[in-house]
Amino acid sequence: DLDDLRGLKRGTLRLGVVTTAKYFIPHLLGDFCERHPLIEIDFKVGNRQQMIDRLSQGQDDLYVFSHPPEDAPLTLHPFLDNPLVAIAASDHPWASRRRLTLKEFAQAPFLIREQGSGTRYALEKFLKRRGIKLNVRMTVESNEAIRHSVMSGLGVSILSRHTLAFGADTGLTILPVEGLPIPSQWSLAYHKGHPLSPVARTFLQWAEQGSPAQPGRDGPRSDTE
Ligand code: PGA
């Protein structure tokens, strides 16, 4: 038809992203959809384990992981840093400290993401290597609920910097804990055994070239900029 003649791609792009990426990826989609008005997007969000489960069932075209499963045959396209930072309420006694040891920090009541979270996975790996144990007060299944709990003074946490809405979030501060941030990086990932649909290929190429859209936040920027 006419749309095909114009070279417009039609179909559904099925994206599955871990929760740390749900703030950033939508900023890429605006421009993409403007350029490809016939592509519809099915956007799923979950923790690392939920995305691994979806991947193993072939439910989506493309995934965004920080810690891709090690045993799956994946093609990975790393695209942006996802540093994990230590946070506290801005009126916390530590907010004015110039430096904190990891040992000191680990004594504070800690709010940790649920089992299956990639944030938790990275954090546990980091602490294990250093022989540090946390003082866990609360397990919370949401970055937002952790942010608000930290603001209310329930404890401290370590979250992706991308989960923090700077500008809007005046109640939080990043603590200068030694050895932090914990580095990680988002990758677009897909199963080697499942050929990409034309629509998914279009998105991947577009994302690889560096999209014109950059979100209006203080987070780290794409190295393709
Ligand atoms: P998650 O996000 O903590 O929601 O699993 C993970 C990640 O960035 O690996």
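Everything discussed here concerns the structure shown above.
Residues numbered from 1 in each chain as written. Predicted model: local features only at pLDDT ≥ 70, side-chain atom pairs only at ≥ 80, totals over all residues. Heavy atoms only, no water.

K.L.:
Sorry if this is basic, but what is going on with the nonpolar core here?
P.N.:
By size, the foremost hydrophobic cluster in this structure holds 32 residues, and its most contacted members are Leu-13, Ile-25, Leu-62 and Phe-203. Mapped onto this core, the elements with two or more residues apiece are strand 1 (11-18), helix 2 (25-35), helix 3 (48-56), strand 3 (62-65), strand 4 (74-81), strand 10 (185-191) and helix 7 (198-209). If you tally residues by element for this core, the top one is helix 7, at 6 residues. Those residues in contact with Ile-25 that lie beyond four places of it in its chain are Leu-15, Val-17, Phe-43, Val-64 and Phe-79. The next biggest cluster of nonpolar side chains, apart from the first, holds 22 residues, and it includes Leu-102, Ala-108, Val-177 and Ile-182. (Core = buried A, V, L, I, M, F, W, Y, C linked by side-chain atoms within 4.5 Å. Buried < 20%, exposed > 50% of the residue type's maximum accessible area, 1.4 Å probe, protein only. Helix = DSSP H or I, 4+ residues; strand = E, 2+ residues; numbered from the N terminus. Contact = heavy atoms within 4.5 Å.)

K.L.:
Looking at this structure, I do not really get the sheet that holds strand 5 (residues 84-89). What am I missing?
P.N.:
Each strand in a sheet pairs with its neighbour through backbone hydrogen bonds, running either in the same direction (parallel) or in the opposite one (antiparallel). Taken in spatial order, the 3 strands make up an open sheet running 8-5-9, and their pairing is antiparallel. If you trace the sheet from one side to the other, it starts and ends with strand 8 (157-160) and strand 9 (172-174), each paired once. Between one strand axis and the next, the sheet turns by 45 degrees as a mean value, whatever way the strands run. Relative to strand 9, strand 5 runs antiparallel, the two sharing 3 bridges. Its bridge partner lying in strand 9, Ala-89 is registered against Leu-172. Across the sheet, helix 6 (residues 143-151) is in contact with strand 5, strand 8 and strand 9; its angle to strand 8 comes to roughly 140 degrees. (Pairing = 2+ DSSP bridges. Axes fitted to C-alpha atoms, helices over the stretch in contact; angles between N-to-C directions.)

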